[in-house]
Amino acid sequence: MTKSLLPSSVRAPFARYSHGMEVPAGHRLVFTSGQLGITVDDQIPQGVEAQTRVCFENIREILAEAGMDFSDLVRINAYVTGREHMAGYMKVRDEFTRDPAPASTLMIVSGFTREEFVVEVEVVAAKPD
């Protein structure tokens, strides 16, 4: 079982995430590519919450392909195109993640391959063999 790392000697996280996650021996790892807010039929919804939801729904499908789900997440890396998108991203992320909250990084970037994208999300998951 993975273990959340939240040492009392480090300032508490700013939001719902762990400072680190320990993955013991005997676990399979899955690393996803960054997922953008685009559906299988090439629809790109407006707004960060709608795009984030598509990102996490795509991640759900990738994890399912490996026999995993959101309870197996150990790390999230996310990228948004502006500070105004942070709260909407975190709101949706928290709907999909489980406790213990995975380690997480959220960065503001200048943009993606197409200007209509405002968020991209990639994850690492671990599950016992």
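Nothing here was measured: the structure is a model prediction, and the numbers come from that model.

Bringing unusual backbone geometry into the picture now. Between Asp99 and Pro100 the backbone carries a cis peptide bond, its omega angle lying at 0°. Along the polypeptide, Pro100 turns up in the loop between helix H2 (86-96) and strand E6 (103-108). Backbone geometry places Asp42, a non-glycine residue, at a positive phi of 65°. Here Asp42 lies in the loop between strand E4 (35-36) and helix H1 (48-65).

Moving on, we come to the environment of Ala50. Note on placement: Ala50 falls in helix H1. Owing to a relative accessible area of 28%, Ala50 belongs among the partly exposed residues under this scheme. Counting along the chain gives 13 residues from Ala50 to Gly37, while the straight-line C-alpha distance between them is 7.6 Å.

This next bit is on the nonpolar core. Across soluble globular proteins, nonpolar side chains show a tendency to be buried alongside one another. Within the largest apolar cluster, 20 residues are counted, with the highest numbers of intra-cluster contacts made by Phe56, Leu63, Tyr89, Val119 and Val121. When contributions to this core are tallied by element, the ones reaching two or more residues are H1, strand E5 (73-80), H2 and strand E7 (119-128). Broken down by element, this core gets its largest block of residues, five residues, from H1. Not counting the four nearest positions on each side in its chain, Tyr89 is found in contact with Val48, Thr52, Phe56, Ile76, Ala78, Val80, Leu106, Val119 and Val121.

Cut-off values and rules
- Residues numbered from 1 in each chain as written.
- Predicted model: local features only at pLDDT ≥ 70, side-chain atom pairs only at ≥ 80, totals over all residues.
- Heavy atoms only, no water.
- Helix = DSSP H or I, 4+ residues; strand = E, 2+ residues; numbered from the N terminus.
- Buried < 20%, exposed > 50% of the residue type's maximum accessible area, 1.4 Å probe, protein only.
- Core = buried A, V, L, I, M, F, W, Y, C linked by side-chain atoms within 4.5 Å.
- Contact = heavy atoms within 4.5 Å.

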